[in-house]
Amino acid sequence: MADEIDYEIIGDDMQIVEIELDPGEAVQAEAGAMAYMGPGIQMQTSMGSEGGGLLGGLKKGLKRALTGESFFITSFTHKGSGKGHVAFAAPYPGKIIPLDLSKFGGSILCQKDAFLCAARGIEVEVAFTKKLGAGLFGGEGFILQRLRGNGLAFVHIGGTVIKKDLAAGETYHIDTGCVAAFTETVSYDITWSKDFKNALFGGEGVVLATLTGPGTVYMQSLPFSRLADRIFAASAYSRRDERTGIGGSGVLGGLIGGDKSF
């Protein structure tokens, strides 16, 4: 049984989730995700072996590493009296989504680096795509995260979040990087673009993810890979700072500093 925790999500684009704990309750999080914690909170980093010994902890750590998370996981337990608070921050612009796993049949599949934190008792497992095509071309590779348990888990999704509840047989074609999470009742596959011109010049790639209901799908408007590509392109192909005119600091500062690349 997972601990029953209360929470508040603070902020808009760079969000923080603040968890409220009663004495003895605990929350576990990806190593390095903690933003702040109040008095009475005790932090302990481990491989998450709880009852499984060293070998069990090693296996769990390796599974998390395969899904893009840290080998270690950090637990925050309220050892004081009254209410305790600990908060976790999103790693890049997007939204923190609370998922009550008991409403999704006890588990949900996520992109491999989505996990942020969860109530004690939630397991972060590795899941493999069942179809070769989806694994090779599905954007997330063969490996996904499976969050399993009967309590609250929090995932981070890039940009704006779109939730779709698919009826049985209802299908959505989605950019492969925009698939953030979906219930295990959803069938996940890929579809090749039938129009060569669209694939070559449309900027949407040659494959799309195909998700068929019944079940729930969470989509993201800003996959981290897309954000990283834009940042890399800007840094790789821009030789100078942004120019703001002859009186601006960019041009004038470059001339004073000896920049001869104008």
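Participant: Please set out the overall build of the chain residue by residue, giving values where relevant.
Facilitator: Counting its secondary structure elements, the chain contains 5 helices and 19 strands. Within the chain, the fraction of its 262 residues that count as buried is 42%. For the chain, restricting intrachain contacts to residue pairs at least 6 apart in sequence, the fraction spanning at least 24 positions comes to 76%. Carbon and sulfur atoms form 57% of the exposed surface of the chain, whose accessible area is close to 13900 Å².

Participant: Run through the nonpolar core, naming residues and quoting values.
Facilitator: Ile19, Phe88, Ile108 and Leu147 are the most contacted members of the largest nonpolar core, which has 38 residues in total. Apart from residues no more than four positions distant in its own chain, Leu147 is found in contact with Leu101, Gly106, Ser107, Ile108, Cys110, Phe115, Glu123, Val124, Ala153 and Val155. Counting 14 residues, the second-largest nonpolar core is a separate cluster that includes Leu109, Val186, Tyr188 and Met219.

Participant: Describe the sheet that holds strand β2 (residues 16-21), listing the residues and the values that go with them.
Facilitator: As summarised here, the arrangement of the 4 strands in space is β1-β2-β7-β4, forming an open sheet in which the pairing is antiparallel. The two strands at the open ends of the sheet, each matched to only one other strand, are β1 (6-10) and β4 (34-37). Each strand axis lies, on average, 20 degrees off the axis of its neighbour in the sheet, ignoring direction. Two strands pair when backbone bridges link them, and β4 and strand β7 (residues 84-89) are joined in this way by 3 bridges, in the antiparallel orientation. Paired with Tyr36 across the bridge in β7 is Ala87.

Participant: Pulling in residues and values, what's your account of the environment of Glu25?
Facilitator: With respect to the helices and strands, Glu25 occurs in the loop between β2 and β3 (26-30). Taking the C-alpha atoms as reference, Glu25 lies 7.7 Å from Ile5; in sequence the two are 20 residues apart. Excluding its chain neighbours within four sequence positions, the residues that come into contact with Glu25 are Asp3, Glu4, Ile5, Glu20, Phe76, Thr77, His78 and Arg120. Here Asp22 takes part through its backbone nitrogen, which lies 2.9 Å from a polar atom of the side chain of Glu25.

Participant: Explain the packing of aromatic side chains to me, using residue names and the numbers behind them.
Facilitator: This model, assessed by the stated rule, comprises 3 aromatic pairs. Considering the side-chain rings of Tyr7 and Phe154, the 5.0 Å spacing of their centres and the 75 degrees angle between planes classify their relative orientation as edge-to-face. Of this pair, Tyr7 sits in strand β1 while Phe154 sits in strand β13 (residues 152-158), placing them 147 residues apart in sequence. Exposure remark for Tyr7: the relative accessible area of 37% places this residue in the partly exposed category.

Participant: Got a sec to walk through the side chain of Thr77? Specific residues and values, please.
Facilitator: Relative to the helices and strands, Thr77 is located in strand β6 (residues 73-78). Of the residues examined, Thr77 reaches a relative accessible area of 14% and is grouped as buried. In contact with Thr77, not counting residues within four places along its chain, are Gly24, Glu25, Ala26, Gly40, Ile41, Gln42 and Arg120.

Participant: Run through unusual backbone geometry, naming residues and quoting values.
Facilitator: Put simply, Gly213 and Pro214 share a cis peptide bond, and its omega is 20 degrees. Looking at the element boundaries, Pro214 is found in the loop between β18 (207-212) and β19 (215-220).

Participant: An account of the environment of Ser107 is needed here, citing residue identities and associated values.
Facilitator: The residue Ser107 is located in strand β9 (residues 107-110) in this model. Ser107 sits 75 residues away from Phe182 along the chain, and the two C-alpha atoms are 9.6 Å apart. Polar contacts involving the side chain of Ser107 include one to the side chain of Glu184, which spans 2.7 Å.

Participant: Help me get a handle on the sheet that holds strand β15 (residues 171-174), residues and values and all.
Facilitator: Sheets are built from strands paired through backbone hydrogen bonds, the pairs being either parallel or antiparallel. Pairing in this open sheet of 3 strands is antiparallel, and the strands run β15-β18-β17 from one edge to the other. Looking along the sheet, the strands with just one partner apiece sit at the ends: β15 and β17 (187-192). Averaged over all neighbouring strand pairs, the angle between strand axes comes to 30 degrees, with direction disregarded. For β17 and β18, the ladder comprises 6 bridges, and the chain directions are antiparallel.

Participant: Go over the pairing of strand β8 (residues 94-100), please, and point to the residues and values.
Facilitator: The two faces of the sheet receive side chains in turn, since in a regular strand these alternate between them. Most of β8 is tucked away, with 5 of its 7 residues classed as buried. Bridging between β8 and β13 involves 7 bridges; their strand directions are antiparallel. For Leu99, the partnering residue across the bridge sits in β13 and is Ala153.

Parameters and conventions
Residues numbered from 1 in each chain as written. Predicted model: local features only at pLDDT ≥ 70, side-chain atom pairs only at ≥ 80, totals over all residues. Heavy atoms only, no water. Helix = DSSP H or I, 4+ residues; strand = E, 2+ residues; numbered from the N terminus. Buried < 20%, exposed > 50% of the residue type's maximum accessible area, 1.4 Å probe, protein only. Contact = heavy atoms within 4.5 Å. Areas by Shrake-Rupley, 256 points an atom, 1.4 Å probe, with all protein chains shown as cover. Core = buried A, V, L, I, M, F, W, Y, C linked by side-chain atoms within 4.5 Å. Pairing = 2+ DSSP bridges. Axes fitted to C-alpha atoms, helices over the stretch in contact; angles between N-to-C directions. Polar contact = N/O pair within 3.5 Å; in protein donor to acceptor, adjacent residues only side chain to side chain. Phe/Tyr/Trp six-rings, centres within 6.5 Å; stacked < 30°, edge-to-face > 60°.

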